[in-house]
Amino acid sequence: MATKIFGSGIRRREDPRLITGTATYTDDLSLPGMVHAAMLRSPHAHARIKKIDTSRVTKAPGVLAAFTGADIEALKPTPCAWLLPNSGLKVATYSQIAKDVVRYVGDIVAVVVAETAYQAHDALELIDVDYDPLPSVLDPQLAIKPGAPQLHADVPNNEAFHWTVAGGDVDAAFKNAEVVIKERIVQQRLIPNAMETRSAVAQWSGASGELTLWNTTQNPHIVRFLCSLVTGVPEDKLRVIAPEVGGGFGSKIAVYPADFITVFCAMKLNRPVKWTETRSENYQATTHGRNHTQEIELAARKDGKILGLRATVWAGMGAYLSTAAPGIPTILHGLMLSGVYDLPALKEDVYGVYTNGTPVEAYRGAGRPEATFIIERMVDKLATTLGMDPADVRMKNMIPRFENGHSVVTGLSYDSGDYPAGLKKLLDHVKYKELRREQDEARKKGRYLGIGIASYVEICGLGPSQVAGAIGFQGGLWESAIVRVHPTGKVHVFIGASPHGQGEETTFAQIVASEIGVDVNDVKVIHGDTDVTPMGWGTYGSRTTAVGGAALVLATRKVKEKAKVMAAHLLEAAVEDMDYADGQFFVKGSPDKAKTIQEVALMAHVAWNMPKDVEAGLEASMFYDPPNFTFPFGSHIAVVEVDPDTGHIALKRYVALDDCGPQINPVIVEGQVHGGVVQGIGQALWEEAVYDENGQLVTGSMLDYALPRADGLPDIEVLSTVTPSPHHPLGLKGIGEAGTIASTVTVYNAVMDALAPLGVQTLNMPMTPERVWRAIQQARPT
Amino acid sequence: MVNGRRYQRDVEPRELLVHFIRDLGGVTGTKIGCDTSQCGACTVLIDGVAVKSCTCLAVQADGCSITTIEGLAQNGKLHPLQEAFWNKHGLQCGFCTPGMILASHELLRNNPKPTDEEIRHGLEGNLCRCTGYQNIVRAVREAAAAMGGK
């Protein structure tokens, strides 16, 4: 008997292996004859390599080989796969191993392979590198100025690209403005900190010319595709497996030099080679996030109506363009700048700038937190300037409810939304007016309570492939699924997407179970192996459910259609007379005469009695290319209290209202919100990758980089509304990034609200006690 | 002894306990998440007491009885903490989970009836990037009740 499995908060089937320590992550692999690679990385942010001498290394205990840039000429450079059009994009060569010049602390200069990991790391110290240090630059706004240190000979002024989005008459908006608000915001550099560091195991069979690469990746098929281009191993002989992957948050989208070098070593030595980065190495070499400097102007009327927005962004890209990097501060950022509002006019210039830092890539939210921050901060500033309530200013400018398409000034068409209803539900839940009264009372007593709101809409479910082509994404953005029903009615699902903690092994089984009435425990979801699963473009941009889930629904429905034809044949009825309910196919009006999906599956496999022109077996595949993106949305609110004597910020309350369409598993949705919100709070309050003036990463380990810990966080209250996407077969939109997109600016707005009576106008993130305290001191009338 | 099984090996003086355990062959549930003893992913029990096994040399554990995440379930029955993490969705990618569960084990050993605040404080030495900790707190609370601390 089928249960109402869609929408049920069942326990995850991923968990038994994870809670017993029996899951296999890449570094857990051990292959016969396996040896270990370690990378020697540049200690300089910018330097010329005068000489490298590896002669002492090869004599060290256990060492099998050492390679430098001169040895790996056969490998093509690490590709950039988002070639942003109409932007003057200049992709600098990203060699696997730096040959003449190193451009960030962490750039690889050599690799050592030894029998044990200890030996490989020891041997790194025996490589003699003679560097000639060069001046370095980390701030993108400075790096683009004439006279700044130049990273790449063929990239004048370090300008990687200049991209613009514009809509409406911005000049007129500012001419007609009754009030203009200006702001400068720095979105600091962040380190993604997936708990599993990156790792690769490469196994080469010289005899067959076949390569297997186990890799901590969010997108094994992209790794196969690009690894084939870089190494020359043909795609049919190259198998990429993403085993258990311990979080990604964007940092496992890119393809990395160290992975290709590991492959190179395995091929050279004809031995399996493992490389696993240390955490400190991860901080230097695995991609970072954000790193925007934003200058913004907002034009409005005195009644709070927004007329236009102008912004310039300097996006630090790091020393090289990582795989998807150019699309993050542009397509995924600029196009979302009008947020949930009907903005008549907007223009943004984005300068992508090479700097002597770790390459910057997608990081949870990827461009959208930076966009949401701009508009939501400006709305709050406008409210403060006009003496209006920030909730009222939001309501006044919000796009009204729409169910099937709404065009915004950036050119996008949002799919569906009801922003005012979400905000109203949130405000009602927290009893907003009472909360403001409490704040007033507290202020009278000298307590600095702050209330912060942010409303957001995000672009998810990337996206139609035609659009991918138009915006320079060097791949498709469809997803695939194969649904295979076995003779006993048990189901295997193969998907191209590659979840790594989000729980789709469970939620996708729920989708199949609810579509064809099998028990959810009879569905196994298989992913992450390019030899087994159909092609897919990966898990990022909250697209696995929004795109892969759609492929799965439609594949399952194909199976169901075929099963219906089979059942009609077995019941000697016409197909059009058939009906289906709860796993049973029956003739309309005669539910007692029925065939179950299991019975049909058996007959389809023994194939003794098939309908004419119907193939044996019961399976279907689907390649689903969505007609549009999905646009989840919501509103969050935070209450903080700032201690003016110490600058300490206490998070008193946090309420998230998110609308991701119908929820397959509300427990998993809530988990995504919790994690996302805390990650965004981390940016607001604690986290920052700090470089010193010489380009040294000062926050070089977990000792120095302040991650959110269990302490100091309130319980997050999670609310939702349900607005289905009109173009997804189940109305699903995606939830993976929502929390992060909303929470940074929500908390920021709350802190600024708390500090308003003290005269503090602006504050850089992370809002550490020291920074808050200093800002209070500076704002104090002398 | 690791999970009740005796291992005899010559080790380098500098070898970390976590590497020793992970190299025993198939006992890789104990994870390495950092190199500065911050993340707690490598937490194991040494003679019943939680220790970050990256801060301990293998030789220091000579003669000790070590329990890793693989040794927590008894006779095929999950430990109440494992059940509770599963029930409360206290994990996502699972990488911090072995350490988080064993650190929670220590927390409940010292304080069988912790408040939420005490749980949050007690797990400060273990990092999780996925869950935002809230469901971990719920899981530890549920486990405490199941283990009779209520």
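Participant: Please clarify how the domain arrangement of chain B should be interpreted in this entry.
Facilitator: Note: interface size is frequently given as the accessible area lost on complex formation between the parts. Residues and elements named next belong to chain B. In terms of domains, chain B is made up of domain 1 (17-71) and domain 2 (80-146). When each unit is reduced to the centre of its C-alpha atoms, the spacing between domain 1 and domain 2 is 18 Å. The interface is formed by 15 residues belonging to domain 1 together with 12 residues belonging to domain 2. Elements supplying a minimum of two residues to the side of domain 1 that touches domain 2: strand 1 (43-46) and strand 2 (49-52). Tallied by class, residues from the side of domain 1 that touches domain 2 come to 8 nonpolar, 6 polar and 1 charged.

Participant: Quick question: what am I supposed to make of the interface of chain B and chain A here?
Facilitator: The partner chain A presents 44 residues to the 42 residues of chain B that form the contact. Looking at the side of chain B that touches chain A, the elements with two or more residues in it are helix 2 (80-87), helix 3 (97-110), helix 4 (116-122) and helix 5 (134-146) of chain B. Counted by class, the side of chain B that touches chain A contains 20 nonpolar, 17 polar and 5 charged residues.

Participant: What should I look at first to understand the nonpolar core in this one?
Facilitator: What tends to happen in soluble globular proteins is that the nonpolar side chains get buried as a cluster. All names here are of chain A. Counting 309 residues, the largest nonpolar core has Val 112, Val 493, Val 512 and Val 751 as its most contacted members. Element by element, the count of residues in this core is highest for helix 15 (residues 544-570), at 12 residues. Contacts of Val 512, omitting those with residues within four sequence positions, involve Val 483, Val 491, Val 493, Val 518, Val 523, Leu 552 and Thr 556.

Participant: What should I look at first to understand unusual backbone geometry in this one?
Facilitator: Most peptide bonds are trans, and most residues other than glycine sit at a negative phi. The linkage connecting A:Met765 with the following residue, A:Pro766, adopts the cis geometry, with an omega of -5 degrees. With respect to the helices and strands, A:Pro766 occurs in the loop between helix 18 (738-755) and helix 19 (769-779). One non-glycine residue with positive phi stands out, namely A:Asp613, at about 65 degrees. Mapped onto the secondary structure, A:Asp613 falls in the loop between helix 16 (597-606) and strand 25 (619-624). In this structure A:Asp613 comes out as exposed when scored by C-beta crowding, with 6 C-beta atoms within 10 Å. For B:Tyr133, which is not glycine, the phi torsion reads 75 degrees and is therefore positive. With respect to the helices and strands, B:Tyr133 occurs in the loop between helix 4 and helix 5.

Participant: Would you explain the domain arrangement of chain A in this entry?
Facilitator: Residue and element names in this part refer to chain A. Domain parsing of chain A yields domain 1 (31-134 + 195-247 + 252-285), domain 2 (374-460 + 631-779) and domain 3 (478-624). Of note, the centres of domain 1 and domain 3, computed from C-alpha atoms alone, are 41 Å apart. In this assembly, 14 residues from domain 1 lie in contact with 14 residues from domain 3. Among the elements of the structure, helix 5 (220-231) and strand 11 (238-241) are those that each provide at least two residues to the side of domain 1 that touches domain 3. Per element, the largest residue contribution to the side of domain 1 that touches domain 3 is 4 residues, and it comes from helix 5. Each residue belonging to the side of domain 1 that touches domain 3 can be placed in one class, and the counts come to 8 nonpolar, 4 polar and 2 charged.

Participant: What's the story with the environment of A:Ala23 in this structure? I'm lost.
Facilitator: Note on placement: A:Ala23 falls in the loop between helix 1 (15-19) and strand 1 (35-41). With 171 residues separating them along the chain, A:Ala23 and A:Ala194 place their C-alpha atoms 17 Å apart. Setting aside residues up to four positions removed in sequence, A:Ala23 forms contacts with A:Arg17, A:Leu18, A:Glu244 and B:Gly94.

Participant: Looking at this structure, I do not really get the packing of helix 14 (residues 504-516) of chain A against helix 15 of chain A. What am I missing?
Facilitator: The packing of two helices is summarised by the inter-axis angle and the distance between the axes. Residues and elements named next belong to chain A. For the pair helix 14 and helix 15, the least separation of the axes is 10 Å and the interaxial angle reads 30 degrees. As for the relative orientation of helix 14 and helix 15, their crossing is right-handed in sense. Residue-level contacts link Glu 504, Thr 507, Phe 508, Ile 511, Val 512, Glu 515 and Ile 516 of helix 14 to Thr 544, Thr 545, Gly 549, Leu 552, Val 553, Thr 556, Arg 557, Val 559 and Lys 560 of helix 15. Taken together, the residues that form the contact of helix 14 with helix 15 break down as 7 nonpolar, 5 polar and 4 charged.

Participant: What's the story with the environment of A:Ile495 in this structure? I'm lost.
Facilitator: All names here are of chain A. Take Ile 495: it is sitting in strand 20 (residues 491-495). Separated by 232 residues in the primary sequence, Ile 495 and Val 263 have C-alpha atoms spaced 26 Å apart. Filtering out sequence-adjacent residues up to four positions away, Ile 495 remains in contact with Ser 480, Ala 481, Phe 508, Val 525, His 527, Thr 533, Gly 536, Gly 548 and Leu 552.

Participant: Honestly, helix 14 of chain A in this entry has me stumped. Any pointers?
Facilitator: Helical geometry note: an α-helix holds 3.6 residues per turn, so side chains three or four residues apart project in the same direction. Residue and element names in this part refer to chain A. For helix 14, built from 13 residues, the straight-helix expectation of 18 Å at 1.5 Å per residue is met to within 8% by its first-to-last C-alpha distance of 18 Å. Of all the 13 residues making up helix 14, 12 are buried; the element is thus mostly covered by neighbouring parts of the structure. Buried within helix 14 are the following residues: Glu 504, Thr 506, Thr 507, Phe 508, Ala 509, Gln 510, Ile 511, Val 512, Ala 513, Ser 514, Glu 515 and Ile 516. Buried-residue contacts for helix 14 involve strand 19 (479-485), strand 20, strand 21 (523-526), helix 15, helix 16 and helix 17 (666-685). Backbone geometry just downstream of helix 14 places Gly 517 in the positive-phi region, at approximately 75 degrees.

Rules and cut-offs
- Residues numbered from 1 in each chain as written.
- Chains lettered and ligands numbered in written order.
- Predicted model: local features only at pLDDT ≥ 70, side-chain atom pairs only at ≥ 80, totals over all residues.
- Domains from an automatic or database assignment.
- Contact = placed C-beta atoms within 7 Å.
- Helix = DSSP H or I, 4+ residues; strand = E, 2+ residues; numbered from the N terminus.
- Nonpolar A, V, L, I, M, F, W, Y, C, P; charged D, E, K, R; others polar.
- Core = buried A, V, L, I, M, F, W, Y, C linked by C-beta atoms within 7 Å.
- Buried ≥ 20, exposed ≤ 12 C-beta atoms within 10 Å, placed from the backbone.
- Axes fitted to C-alpha atoms, helices over the stretch in contact; angles between N-to-C directions.
- Left-handed = near helix turned anticlockwise from the far one by under 90°.
- Expected span 1.5 Å × (residues − 1).

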